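Per-entry structural report
Spelled out from the first residue to the last, the chains are:
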Amino acid sequence: MEEQAARQRMTSHEELEVYELTSPFPPSPPAPLPEPPQPPGSPAPLRVVVTGAAGFIGFHVSKRLLDRGDQVIGLDNLNSYYDVTLKEARLAQLTGRPGFRFAKLDLADREGLARLFAAEKPQRVVHLAAQAGVRYSLENPHAYVVSNLVGFMNILEGCRHGGVEHLVYASSSSVYGANKVSPFSVHHNVDHPVSLYAATKKANELMAHTYSHLYGLPTTGLRFFTVYGPWGRPDMALFIFTRAILAGKPIDVFNYGKMQRDFTYIGDIVEGVVRVLDKVPTPDPAWDAVAADPGTSAAPYRLYNIGNNRPVELLRFIEVLEECLGKKAEKHFLPLQPGDVVSTCADINELMRDVDFRPSTPIEEGIPHFVEWYHSYYGP
Ligand SMILES: NC(=O)c1ccc[n+]([C@@H]2O[C@H](COP(=O)([O-])OP(=O)(O)OC[C@H]3O[C@@H](n4cnc5c(N)ncnc54)[C@H](O)[C@@H]3O)[C@@H](O)[C@H]2O)c1
C-alpha cells in the first residue's frame with residue numbers, strides 16, 4: 001500500500017503543484033486529462049509532450065499550445081544551470097491550467113522516460129530540454145553528453161516505441177560553426193562545429209535522421225537563432241547586459257563589438273514551432289542520393305532555420321537596450337571568446353515555403369517587451 005502510495009504520489013515542488021513521475025512508474029496510467037473547451041470547428045486537440053517546459057522557449061511553447069486547447073505534458077528536471085526560481089515562476093504560470101500537467105524528470109532517466117511515454121501516449125513531442133549555452137560547454141562538456149546525447153537517445157526511443165506522429169526538436173544556429181557563407185542555409189554542409197554544444201546539436205540531427213530512416217519516425221529539427229524576450233535566459237547577453245546596466249556595472253562586449261546576431265523574438269519562435277509541429281514531414285520524393293541535400297531526405301525528415309533574417313550589430317543591440325533602460329552602458333571591450341562565432345544570419349526560405357511564416361519582430365519592438373517584463377518581474 002505504502003509502496004503504491006509512494007509510486008503514485010502527487011508531490012509539491014516548493015509552492016508548485018507538480019506531478020512527479022518517480023521511479024518506478026505507477027503500474028497503471030494516470031487518469032486521462034479532462035478535455036479543454038473547444039470552439040466549434042477547431043481541429044481536434046493534440047496530446048503533446050513538451051520537454052524543457054520550465055525553460056525559456058518550452059514555457060512559451062507550452063502556453064501557446066494550451067491556449068489553443070492542446071493537452072500538454074510538460075517535462076523538466078529543473079536543474080540549477082541558472083536560477084531555479086525563474087524556472088519555477090514560469091512553471092507556476094502553467095500549473096493549474098486545464099490540460100497541463102508536469103513531470104519532474106531527467107532526460108537521462110531511461111526507464112522513467114520510457115514509462116512516461118507508455119503512460120501518457122503523446123501524439124507529438126516538442127523536445128526543447130537540453131544543456132544550452134556555447135560557453136558553458138567549454139567548462140562542463142559532460143553535462144552536454146548526458147542531456148543532449150543520452151537524453152536525446154531516450155527521447156528517440158520513447159517516440160519510436162510510443163508510435164509518436166511527429167518529433168520536433170531544438171537544434172541551433174551554432175551548428176553552422178566555421179561556415180562563412182551567409183545567410184546560413186539548411187542546404188549547407190555543417191560538419192565544422194566550433195563548440196561541443198554545437199557538436200551535440202548536429203549529432204541530434206544525425207540521430208533523428210537515423211530514426212526517421214529506420215523506423216519512419218517523422219522528425220523536424222529547428223535551428224533557432226539567438227532567441228530573446230520576456231522570461232528569457234539569465235545566461236544570455238540581453239539578460240546579463242540589463243542586469244549590469246541597471247546595477248551600474250560594466251558589460252563585457254566581445255570581439256570589440258564587431259559581432260552580428262540574427263536576434264529572434266520569442267513570439268516569432270513560438271509561432272514557427274507551432275506551425276512546424278502541425279506539419280508532419282513526409283519523405284521528399286525529389287531527394288537525390290547522388291547529390292545528397294543535407295536539409296531534406298528520402299526519410300520523413302526536415303530541418304528549418306528559425307531566425308529573423310535581419311542580423312543586427314551588437315553595438316546597435318546595446319544602444320536600443322540603453323534607450324529602453326534610460327541608462328548608458330559602461331562597455332568593457334574584449335576579444336572573441338573561444339567557441340563563439342562572429343556573425344549569424346538565417347536563410348528562412350524553407351520555413352516560408354513550407355509553413356508560410358517568417359519572423360518579423362525587430363529589436364526596436366522586442367527589446368522593450370523584454371525590459372517591461374524584466375521590471376515587472378525584478379522590480380524597477
Ligand atoms: N535560447 C536560444 O537562443 C536558443 C538558441 C538555439 C537553440 N536553443 C535550444 O532551444 C532549446 C530551449 O532553449 P532555452 O533557451 O529555452 O533553454 P533553457 O535552458 O531555458 O531551457 C531548457 C530546459 O531544459 C531543462 N533541462 C536541461 N537538461 C535537462 C535534462 N537532462 N532533463 C530534463 N530537463 C532538462 C532545463 O531545466 C531548462 O528548464 C534548447 O535545446 C536549446 O539548446 C536555444
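Computed from a predicted model, the values in this text were never measured in an experiment. (Residues numbered from 1 in each chain as written. Predicted model: local features only at pLDDT ≥ 70, side-chain atom pairs only at ≥ 80, totals over all residues. Heavy atoms only, no water.)

1. A word on the overall build of the protein chain
- Across its full length, the protein chain carries twelve helices and 15 strands.
- Scored against the burial criterion, the 380 residues of the protein chain give a buried share of 54%. (Helix = DSSP H or I, 4+ residues; strand = E, 2+ residues; numbered from the N terminus. Buried < 20%, exposed > 50% of the residue type's maximum accessible area, 1.4 Å probe, protein only.)

2. Focus on helix H10 (residues 314-325)
- The terminal C-alpha atoms of H10 lie 17 Å apart, and with twelve residues this matches the ideal 16 Å at 1.5 Å per residue to within 8%.
- Where H10 is buried, its residues touch helix H8 (237-246), strand E10 (251-253), strand E14 (312-313), strand E15 (331-333) and helix H12 (363-378).
- Directly after H10, the chain includes Gly 326, whose backbone phi takes a positive value near 65°. (Expected span 1.5 Å × (residues − 1). Contact = heavy atoms within 4.5 Å.)

3. Overview of the nonpolar core
- Among the nonpolar cores identified, the biggest contains 97 residues, and Ile 57, Phe 224 and Ile 367 are the most heavily contacted of them.
- Here this core gets seven residues from one element, more than from any other, and that element is helix H9 (residues 266-277).
- In contact with Ile 367, not counting residues within four places along its chain, are Tyr 228, Leu 238, Phe 317, Val 320, Leu 321 and Cys 324. (Core = buried A, V, L, I, M, F, W, Y, C linked by side-chain atoms within 4.5 Å.)

4. Looking at the side chain of Arg 233
- Looking at the element boundaries, Arg 233 is found in the loop between strand E9 (227-228) and H8.
- Beyond its immediate sequence surroundings of up to four residues, Arg 233 is in contact with Phe 56, Tyr 82, Arg 90, Ala 132, Gly 133 and Phe 239.

5. Brief notes about the site of the ligand
- In the vicinity of the ligand lie 30 residues, with Ile 57, Asp 76, Tyr 82, Tyr 197 and Lys 201 positioned nearest.
- Between the ligand and Asp 106 there is a distance of 3.0 Å, counted from a nitrogen atom to a side-chain nitrogen or oxygen.
- At a separation of 3.0 Å, an oxygen atom of the ligand approaches a polar backbone atom of Leu 128.
- Coverage of the ligand by the protein chains reaches 97% of its 830 Å² of free accessible surface.
- Where the shell around the ligand is concerned, the elements lending two or more residues are helix H2 (56-67), strand E4 (71-76), strand E7 (166-172) and helix H7 (196-215).
- Here the shell around the ligand takes three residues from E7, the largest share from any one element.
- Its residues assigned to classes, the shell around the ligand comprises 17 nonpolar, eight polar and five charged. (Near = heavy atom within 4 Å. Polar contact = N/O pair within 3.5 Å; in protein donor to acceptor, adjacent residues only side chain to side chain. Areas by Shrake-Rupley, 256 points an atom, 1.4 Å probe, with all protein chains shown as cover. Nonpolar A, V, L, I, M, F, W, Y, C, P; charged D, E, K, R; others polar.)

6. Side note on the sheet that holds strand E13 (residues 301-306)
- Ordered by their spatial adjacency, seven strands build an open sheet running E5-E4-E3-E6-E7-E8-E13, and the pairing between neighbours is parallel. The sheet terminates laterally at strand E5 (100-104) and E13, the two strands that pair on one side only. Averaged over all pairs of adjacent strands, the angle between strand axes in this sheet comes to 20°, irrespective of strand direction.
- Looking at chain direction, strand E3 (residues 47-51) and E4 are connected through five bridges and run parallel. (Pairing = 2+ DSSP bridges. Axes fitted to C-alpha atoms, helices over the stretch in contact; angles between N-to-C directions.)

7. Observations concerning the packing of aromatic side chains
- Within this structure, the stated rule accounts for 27 aromatic pairs.
- Taken together, a centroid distance of 5.5 Å and an interplanar angle of 75° make the contact between Phe 239 and Tyr 374 edge-to-face. Note that Phe 239 is positioned in helix H8 and Tyr 374 in helix H12, a separation of 135 residues in sequence. Of the two residues, Phe 239 and Tyr 374, both sit in the buried class.
- Plain terms: the ring middles of Tyr 377 and Tyr 378 are 4.7 Å apart, the flat faces sit at 85° to each other, and that makes the pair edge-to-face.
- For Tyr 378, a relative accessible area of 35% puts it in the partly exposed group. (Phe/Tyr/Trp six-rings, centres within 6.5 Å; stacked < 30°, edge-to-face > 60°.)

8. Section: the pairing of E4
- For E4, the tally of buried residues reaches six of six residues, placing the bulk of the element in the interior.
- Of the two faces of E4, both are covered, the one formed by Gln 71, Ile 73 and Leu 75 as well as the one formed by Val 72, Gly 74 and Asp 76.
- With respect to chirality, the unit in which E3 leads through H2 into the neighbouring parallel E4 is right-handed.
- Here E4 runs beside E5; their pairing, made up of five bridges, is parallel. (Right-handed = clockwise from strand over helix to strand, strands pointing away.)

9. Details of the packing of H8 against H10
- Where H8 contacts H10, the two axes come as close as 11 Å, and the packing angle between them is 50°. Put simply, H8 runs oblique to H10. Helix-helix and strand crossings are classified by hand; for H8 and H10 the assignment is right-handed. When H8 is examined against H10, the residues Leu 238, Phe 241, Thr 242, Ile 245 and Leu 246 are found in contact with a partner set consisting of Leu 314, Phe 317, Ile 318, Leu 321 and Leu 325.
- For the contact of H8 with H10, the per-class residue count stands at nine nonpolar, one polar and no charged. (Parallel < 35°, antiparallel > 145°, perpendicular 65-115°, else oblique. Left-handed = near helix turned anticlockwise from the far one by under 90°.)

10. Here we look at unusual backbone geometry
- Look at the link from Ser 182 to Pro 183: it is a cis peptide, with omega at 0°.
- Mapping Pro 183 onto the fold places it in the loop between E7 and H7.
- For Trp 231, which is not a glycine, the phi torsion comes out positive at approximately 65°.
- Along the chain, the position of Trp 231 falls in the loop between E9 and H8.
- We note that Tyr 256 has phi near 55°; this positive angle belongs to a residue other than glycine.

11. A short note on the confidence of the model for the protein chain
- Per-residue pLDDT for the protein chain averages 91, and the proportion of residues at 70 or more is 89%.
- Ignoring residues within four places in sequence, the model shows residues 1-19, a span with pLDDT below 50, making 37 contacts including any to other chains. (pLDDT = per-residue confidence, 0-100.)

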